[in-house]
Amino acid sequence: MGGCVGRPPAGENPRSRGRAAGHPRKRAGRNEPLKKDRPKWKSDYPMTDGQLRSKRDEFWDTAPAFEGRKEIWDALKAAAYAMEANDLELAQAIVDGASITLPHGSLTECYDELGNRYQLPVYCLAPPVNLIMERSDEEGADTPEQAPNTRREFQLKVRLSTGKDVKLNASMTDTIGQLKKQLFAEEKIDPSWQRWFFSGKLLTDRMKLQETKIQKDFVIQVIVNQPLETEK
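Because the structure is predicted, anything quoted here is derived from the model rather than measured.

A few words now on helix H4 (residues 88–97). If you check which residues of H4 are buried, you get Ala91, Gln92 and Val95. Projected onto a plane normal to the axis of H4, the buried residues spread over an arc of 100° and lie on a single side. The exposed residues of H4 that point more than 90 degrees off its buried face are Glu89 and Gly97. A positive phi of about 55° marks Ser99, the residue just after H4.

This next bit is on the nonpolar core. Phe59, Trp60, Trp73, Leu76, Ile100, Leu107 and Leu120 are the most contacted members of the largest nonpolar core, which totals 29 residues. Elements represented by at least two residues in this core include exactly helix H2 (49–62), helix H3 (70–84) and H4. Here this core gets eight residues from one element, more than from any other, and that element is H3. Grouped together as the second largest cluster of nonpolar side chains are 19 residues, Leu160, Ile176, Ile220 and Val224 included.

Our focus in this paragraph is the packing of H3 against H4. At a closest axis distance of 8 Å, the pairing of H3 and H4 adopts a crossing angle of 170°. In this view, H3 runs roughly antiparallel relative to H4, as classed from their interaxial angle. In this structure, H3 crosses over H4, and the sense of that crossing is left-handed. Of the residues in H4, those in contact with Ala75, Ala78, Ala79, Ala82 and Met83 of H3 are Leu88, Leu90, Ala91, Ile94 and Val95. Taken together, the residues that form the contact of H3 with H4 break down as ten nonpolar, no polar and no charged.

For the rest of this paragraph, the subject is the packing of H2 against H3. Closest axis-to-axis distance for the H2/H3 pair is 10 Å, and the angle between their directions is 155°. Viewed along their axes, H2 and H3 adopt a mutual orientation that is roughly antiparallel. Of the two possible hands of crossing, H2 and H3 adopt the one that is right-handed. Residue-level contacts link Arg56, Phe59 and Trp60 of H2 to Trp73, Leu76, Lys77, Ala80 and Glu84 of H3. Taken together, the residues of the contact of H2 with H3 sort by class into five nonpolar, no polar and three charged.

Definitions and cut-offs
Residues numbered from 1 in each chain as written. Predicted model: local features only at pLDDT ≥ 70, side-chain atom pairs only at ≥ 80, totals over all residues. Heavy atoms only, no water. Buried < 20%, exposed > 50% of the residue type's maximum accessible area, 1.4 Å probe, protein only. Helix = DSSP H or I, 4+ residues; strand = E, 2+ residues; numbered from the N terminus. Arc of directions from axis to C-beta. Core = buried A, V, L, I, M, F, W, Y, C linked by side-chain atoms within 4.5 Å. Axes fitted to C-alpha atoms, helices over the stretch in contact; angles between N-to-C directions. Parallel < 35°, antiparallel > 145°, perpendicular 65-115°, else oblique. Left-handed = near helix turned anticlockwise from the far one by under 90°. Contact = heavy atoms within 4.5 Å. Nonpolar A, V, L, I, M, F, W, Y, C, P; charged D, E, K, R; others polar.

That's the geometry; what it means functionally is another story.
Right under this line is the structure:
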């Protein structure tokens, strides 16, 4: 993968840097708070939501192999998910808790307390402007589990990135794609503009609500990304 952490000086054992007792902290200059604005970028080719997820998974699976500290990579991953869910406060708390320094107020370049450099690619922080939303093959189709005699409804609370809370009539056998349609009926938000998150994980259209392990009174985050041409 691309640049991850800075290399230690010649002859220095990188592992000894993290293990040395009483090692003084090395700060990378100034430390800015996280900025709310996420990077805007365009992929070299129109990318589907699934391709974006695969690209991110590949990075997070391999990044710890490029030296650095696994706990810092884990913290950066959690902070990136929190940022995408529009929870800036949580992301900042994660960064502060891991003693991560942000010279520019962005996760694109950061340092741990030992001075190791970490860089996150923009695709881990925001979707491209030319993202293609995938359509579920089972959208609008009723499954056997959804028969009237087995369907048990409850109030599902979703929180929009605008800050508004909406309650939907849901069943654990509903798919995320079907719930997106219900949210469209309630709030006129096109399903292709909706990105659903729970516990930092992106929920796909084909996933059933029961697969998310959600419990009563839990909240699902919904990020609303309208196409650029509609943003006036």
